[in-house]
Amino acid sequence: MLTNLRIENFVHIKKVEMEFAKGLVVITGETGVGKSVLVNAVSFLSGKQADEDFIKQDAKEALIEGVFVIREDDRALYAEFLDQDESQLIIYRKLSRGKGNVVKINNQTATLKKLREITTSLINISSQHDQQILFDETYQLNLLDLFDQKDLDVYLQKYREIYQKWREKSAFLAKIKQNEDELFRKKEFLEFQIQDIEKENFKVEEEGTLLEQKKEVNNAEKIRASLNVLRQNFDGLDELWVQSCQEAQNLQKMATGYNELLEFMGKAQIETQEYLAEIRKKEQSFLEIQELDIETIEARLDVIFRYKHKYKVGSLAALLDLQTQLNKELLELKQMTSKTQNIDKEVALLKTEIKKYGEKIHQKRHKNAQVLAKMVNAEMRDLGFDKAKFEITVSWDMEKLGPKGADKVEFLISTIVGSELKPIQKIASGGGLSRLMLAIRTIFARNKSVNTLLFDEIDAGVGGIVANKIGEKLKLISAAGQTFCITHLAQVAKHADYHYALRRQSDELAIYLLKEKEVVSELQRMVGGAEITNLFK
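Residues numbered from 1 in each chain as written. Predicted model: local features only at pLDDT ≥ 70, side-chain atom pairs only at ≥ 80, totals over all residues. Heavy atoms only, no water.

A.B. asks: Go over the overall build of the protein chain, please, and point to the residues and values.
C.D. replies: Scanning the protein chain for helices and strands turns up 15 helices and 15 strands. The C-alpha atoms of the protein chain give a radius of gyration of 49 Å, which is well past the 24 Å a tight globule of 537 residues would have. Each of the three principal axes of the protein chain carries a C-alpha extent, and together these read 170 × 55 × 45 Å. The buried share of the protein chain, taken over its 537 residues, is 42%. On the protein chain, roughly 30500 Å² of surface is accessible, and the fraction owed to carbon and sulfur atoms is 50%. (Helix = DSSP H or I, 4+ residues; strand = E, 2+ residues; numbered from the N terminus. Rg over C-alpha atoms; globule rule 2.2 N^0.38 Å. Buried < 20%, exposed > 50% of the residue type's maximum accessible area, 1.4 Å probe, protein only. Areas by Shrake-Rupley, 256 points an atom, 1.4 Å probe, with all protein chains shown as cover.)

A.B. asks: Run through the packing of aromatic side chains, naming residues and quoting values.
C.D. replies: In this description, a pair of aromatic rings is defined by centroid distance and the angle of the planes. Applying the stated criterion to the full structure yields 10 aromatic pairs. Between F10 and F44, the aromatic rings sit 5.5 Å apart at their centres with planes inclined by 55°, giving tilted as the arrangement. With F10 in strand β1 (residues 2–10) and F44 in helix α1 (residues 36–45), the pair connects residues that are 34 residues apart, well separated along the chain. A residue is classified by how much of its surface remains accessible, and F10, at 0% relative accessible area, is buried. A relative accessible area of 2% places F44 in the buried class. (Phe/Tyr/Trp six-rings, centres within 6.5 Å; stacked < 30°, edge-to-face > 60°.)

A.B. asks: Just give me the short version of the nonpolar core, but keep the residues and values in it.
C.D. replies: Among the nonpolar cores identified, the biggest contains 47 residues, and L134, V376, I392, F411, L436 and L474 are the most heavily contacted of them. No other element matches helix α12 (residues 430–445), which puts nine residues into this core. Ignoring sequence-local partners within four residues, the contact set of I392 consists of L144, A369, L372, A373, V409, E410 and F411. (Core = buried A, V, L, I, M, F, W, Y, C linked by side-chain atoms within 4.5 Å. Contact = heavy atoms within 4.5 Å.)

A.B. asks: Which residues make up the pattern of salt bridges, and what values go with them?
C.D. replies: Taken as a whole and judged by the stated rule, the model has 28 salt bridges. E61 is paired through a salt bridge with K94; the nearest N and O atoms lie 3.8 Å apart. Residue E61 is found in strand β4 (residues 61–69), and its partner K94 is found in strand β5 (residues 88–96); the two are separated by 33 residues along the sequence. Here R306 makes a salt bridge to D302, at a shortest N to O gap of 3.3 Å. (Salt bridge = Lys/Arg side-chain N within 4 Å of Asp/Glu carboxyl O.)

A.B. asks: How would you explain a nonpolar patch on the surface if you had to name every residue and give the values?
C.D. replies: Taken together, L251, M254, L261 and F264 make up a surface patch of nonpolar side chains, about 410 Å² in accessible area. Contributions of two or more residues to the nonpolar patch are made by α7 (220–254) and α8 (259–291). (Patch = residues over 30% accessible without salt bridge, like charges linked within 9 Å, V, L, I, M, F, W, Y side chains within 5 Å.)

A.B. asks: Can you explain empty space enclosed by the protein? Please cite residues and give values.
C.D. replies: In total, this model carries two cavities of 30 Å³ or more according to the counting rule given. Empty space within the largest cavity amounts to approximately 70 Å³. Every residue along the wall of the largest cavity is listed here: L2, L5, M18, F20, I27, L38, V42, I123, L454 and F484. Breaking the lining of the largest cavity down by element, the ones donating at least two residues are β1 and α1. A breakdown of the residues in the lining of the largest cavity according to their chemical character gives 10 nonpolar, no polar and no charged. Put simply, the second largest cavity is a space of about 30 Å³. (1 Å grid on protein atoms, 1.4 Å probe; cavity = no way out; pocket = protein on both sides within 12 Å on 5 of 7 lines; lining within 4 Å. Points joined across faces, edges and corners; volume = space filled by probe spheres on them. Nonpolar A, V, L, I, M, F, W, Y, C, P; charged D, E, K, R; others polar.)

A.B. asks: Residue-level account of the pairing of strand β8 (residues 123–126), with values.
C.D. replies: The two faces of β8 match: I123 and I125 on one face and N124 and S126 on the other face are all buried. Inspection of the sheet shows β8 paired to strand β12 (residues 452–456) by four bridges, in the parallel sense. Looking across to β12, one finds that I125 is bridged to L454. (Pairing = 2+ DSSP bridges.)

A.B. asks: Help me get a handle on the layout of surface pockets, residues and values and all.
C.D. replies: Here the second largest pocket is characterised by a volume of approximately 280 Å³. Around the second largest pocket sit 16 residues that line it, and L141, K400, G405, D407 and K408 are the ones nearest its centre. Among the elements of the structure, α3 (137–147), β9 (389–396) and β10 (407–414) are those that each provide at least two residues to the lining of the second largest pocket. Among the residues making up the lining of the second largest pocket, the classes are represented as five nonpolar, four polar and seven charged.

A.B. asks: Summarise helix α15 (residues 516–526); cite the residues concerned and give the values.
C.D. replies: One full turn of an α-helix is made of 3.6 residues, so residues set three or four places apart face in the same direction. Along α15, the residues that are buried comprise E522, L523 and M526. Mapping the buried residues of α15 onto a view down its axis gives an arc of 100°, with all of them on the same face. For α15, the elements touching its buried residues are β3 (23–29), α14 (490–493) and β14 (498–505). G528 lies just past α15 and shows a positive phi near 85°. (Arc of directions from axis to C-beta.)

A.B. asks: Which residues make up unusual backbone geometry, and what are the values?
C.D. replies: For N107, which is not glycine, the phi torsion reads 70° and is therefore positive. Along the polypeptide, N107 turns up in the loop between β6 (100–105) and β7 (108–109). Classification of N107 as exposed rests on a relative accessible area of 72%. Although it is not a glycine, N201 sits at a positive phi angle of roughly 50°. Relative to the elements of secondary structure, N201 occurs in the loop between α5 (180–198) and α6 (206–218).

A.B. asks: Quick rundown of the pairing of β5? Include the residues and the values.
C.D. replies: The side chains of a regular strand alternate between the sheet's two faces. For β5, the buried fraction is high: seven of the nine residues fall into the buried class. For β4 and β5, the ladder comprises nine bridges, and the chain directions are antiparallel. Note on β5: the bridge partner recorded for F68 is L89. In terms of strand pairing, β5 meets β6 through six bridges, oriented antiparallel. Bridged to S96 within β6 is G100. Taking the residues between adjacent antiparallel strands as the criterion, β5 and β6 are bridged by three residues, where G98 takes a positive phi near 75°.

Given below as structure tokens:
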């Protein structure tokens, strides 16, 4: 609730300070006096864009300060600006020539964006310009949901939980699928590399073995000759050891002290035979190497060299390590593909759940739309729109899922009997929109607490009984909170709890809170100086 308003050097107002209370506050003044300046001032305090034309001609800066009392239930909305025991917000905005805006909320500097966010739930302005909020489809949806929240809140909470999961899973899946072609190409390339390496059947020690074989083949004649010499020498040596062992045995028979000699010669003979066996084995092995073609060895070494170069590694061991890594990456890709398929199933199941709760939400909204439209039509008739017809359509489109469902809500109206229903922005006039807003606010005021409301030109183009009905409805709304109304009709003004009058003094505006006798005089002025009848008493 707005309790205090201070305006300085704003348009034609030099300085005004006002105090307000709960109820209906009416502001009147002669035609052309500049009543809209108050609407502009409150809009300015609410974060509306403003240029230096709003600064009084002979001043360097304009400022507006408003004090709002916060309901306990709404404290969480403004927690960043409220201390534990505070219950009011002081909003200050100054516009200086050549310096721009200064905004403070409870002495904390804030941006215009933050100011607009904060004041959206503090005050609602319904003028020919600001009432265009009714055109906003999101606002229409929120208004319909606020009308009857029974069951709807439960459905929406469950829907939002599932929707959030579905959105996260879908985003992850979309990211994977966005790179699906790249992942597929990577998978194919990994498979190609693995197959390319595997087909050569490389062994970690193969290169060293081949290099040794190449060396042996290149020195074949020398190796064969040397082995032949060694074998012949050891053959002769073996025969000498055999003869020597026989002589040593003869000596042992003829004399003592030859046991050690005989034992030594026996071991020497065994070792010579072992060396000879090893030489023959080498000869056999060399015969097998000789069967190898040097071109075959060099061809294989060339393959190894090319693969090391191709895969940028320094050894066969490193190449085989790379093969293991490639297999690991391929396995991860295959697992990702499997995971993607599982997420696909999860997304489908979540969408089925979304559809289930979305349909429940749609049915509830459709039912509420019919009831609300019927009530709005009744209120509109009271406000002089006898020929108008108001309707709310709720269309369902699963392809347009959002955090609040898959519904598109649209307010339609026709002002002539038999004419086609069209979106309100295409038909309703400024005054008509104000009265439509008033009709809606009246319905909500019957059972819901509302924020501070400001109505401008709500009585445009009406008079008599309809004007009195407008006043009654404003009074009803104000009983649940605080309502401001700028009016030129006495039938509306007479319902005020607090009546302010704007007066022009020279080139400046002044505003006064009228006392009881002054109210009667002001009402007389508004009806052309006639004596006040029972209609206004």
